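Fold and geometry: a report
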Amino acid sequence: MEADVIICQEEFNCSTKKLWQAITKVEEMRQWFFDNIPAFKAELGFETSFMVDAGERKFMHVWKIVDVKEEELIKYQWTYDGFDGVGYVTFELNEMAGRTRLILTNEGLETFRPKVPEFTRENCENGWRYFIKERLKSYIA
């Protein structure tokens, strides 16, 4: 359903190459995304998993890379151990006159069961705004 798609866009004052490294190099991802990502490679089929403590609940995040176009796009399949459902998160980069636009698309939120507060649309939108518009923006600056 189109209504279940979450889109978060931001422009960064940097090259596509620099932004690509920030979203695909594990050492950089730990600085602005999740500090406990054990490993990450921008390679088709690469998988990683790690625990995230959300306060009342802990979630084992399981990521699998399902699409990669160097310095253009990376798409994860995103699941949580113990929960039914499959989501997809796409980071798409577009260079424009020395700046780079990032378009993040989150699909499949409606598939996760059981429903918990962390899986609401509002919570996910707030989370992506925080990670992209605050943490990543600050990291790149």
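Since this is a predicted model, take the numbers as computed values, not measurements.

**With respect to the overall build of the protein chain**
- Assigned secondary structure in the protein chain consists of three helices and six strands.
- Taking 14 Å as the expected radius of gyration for a compact globule of 141 residues, we find that the protein chain reaches 15 Å, a close match to that expectation.
- Once the C-alpha set of the protein chain is aligned to its principal axes, its extents read approximately 45 × 30 × 25 Å.
- Counting across all 141 residues of the protein chain, residues that qualify as buried make up 42%.
- In the protein chain, 51% of the contacts between residues at least 6 apart in sequence involve partners at least 24 apart.

**Comments concerning the packing of aromatic side chains**
- Inspection of every chain in the model, using the stated rule, returns 28 aromatic pairs.
- Lys 75 extends its terminal NZ or CZ atom over the ring of Tyr 88, reaching a point 5.2 Å from the ring centre.

**Points about the pattern of salt bridges**
- Counted by the stated rule, this structure contains seven salt bridges.
- Taking the shortest distance from any N to any O, the salt bridge between Glu 118 and Arg 57 comes out at 3.0 Å. Here Arg 57 lies in the loop between strand 2 (47-53) and strand 3 (58-69) and Glu 118 lies in the loop between strand 6 (99-107) and helix 3 (121-140), a separation of 61 residues in the sequence.
- Judged by relative accessible area, which is 24%, Arg 57 ranks as partly exposed.
- When the shortest N-O distance is used, the salt bridge between Arg 121 and Glu 125 registers 3.0 Å. Pair noted here: Arg 121 and Glu 125 are both in helix 3, with a separation of four residues, about one helical turn.

**What about helix 3?**
- Between its terminal C-alpha atoms helix 3 stretches 27 Å, which fits the 28 Å expected from 20 residues at 1.5 Å a residue.
- Phe 131 marks where helix 3 bends most, by close to 25°.
- Buried residues along helix 3 sit in contact with strand 1 (6-12), helix 1 (16-24), helix 2 (26-32), strand 4 (73-80), strand 5 (87-96) and strand 6.

**Notes on the nonpolar core**
- Grouped together as the largest cluster of nonpolar side chains are 41 residues, with contacts concentrated most on Phe 33, Phe 91 and Trp 128.
- In contact with Phe 33, not counting residues within four places along its chain, are Trp 63, Tyr 76, Trp 78, Phe 91, Trp 128 and Phe 131.

**Focus on the side chain of His 61**
- Inspection of the secondary structure puts His 61 in strand 3.
- Filtering out sequence-adjacent residues up to four positions away, His 61 remains in contact with Phe 34, Thr 48, Ser 49, Phe 50, Val 52, Trp 78, Thr 79 and Tyr 80.

**With respect to the pairing of strand 4**
- Most of strand 4 is tucked away: six of the eight residues are buried.
- Bridging between strand 3 and strand 4 involves eight bridges; their strand directions are antiparallel. Along strand 4, the bridge assignment pairs Asp 67 with Lys 75.
- Two successive antiparallel strands, strand 3 and strand 4, enclose a turn made up of three residues, where Glu 71 displays a positive phi of approximately 60°.
- As paired elements, strand 4 and strand 5 share six bridges and run antiparallel to each other. If you follow Leu 73 over to strand 5, its bridge partner there is Glu 92.

How each quantity is defined
- Residues numbered from 1 in each chain as written.
- Predicted model: local features only at pLDDT ≥ 70, side-chain atom pairs only at ≥ 80, totals over all residues.
- Heavy atoms only, no water.
- Helix = DSSP H or I, 4+ residues; strand = E, 2+ residues; numbered from the N terminus.
- Rg over C-alpha atoms; globule rule 2.2 N^0.38 Å.
- Buried < 20%, exposed > 50% of the residue type's maximum accessible area, 1.4 Å probe, protein only.
- Contact = heavy atoms within 4.5 Å.
- Phe/Tyr/Trp six-rings, centres within 6.5 Å; stacked < 30°, edge-to-face > 60°.
- Lys NZ or Arg CZ within 6 Å of the ring centre and 35° of its normal.
- Salt bridge = Lys/Arg side-chain N within 4 Å of Asp/Glu carboxyl O.
- Expected span 1.5 Å × (residues − 1).
- Bend = angle between axes of the 7 residues up to and from the residue.
- Core = buried A, V, L, I, M, F, W, Y, C linked by side-chain atoms within 4.5 Å.
- Pairing = 2+ DSSP bridges.

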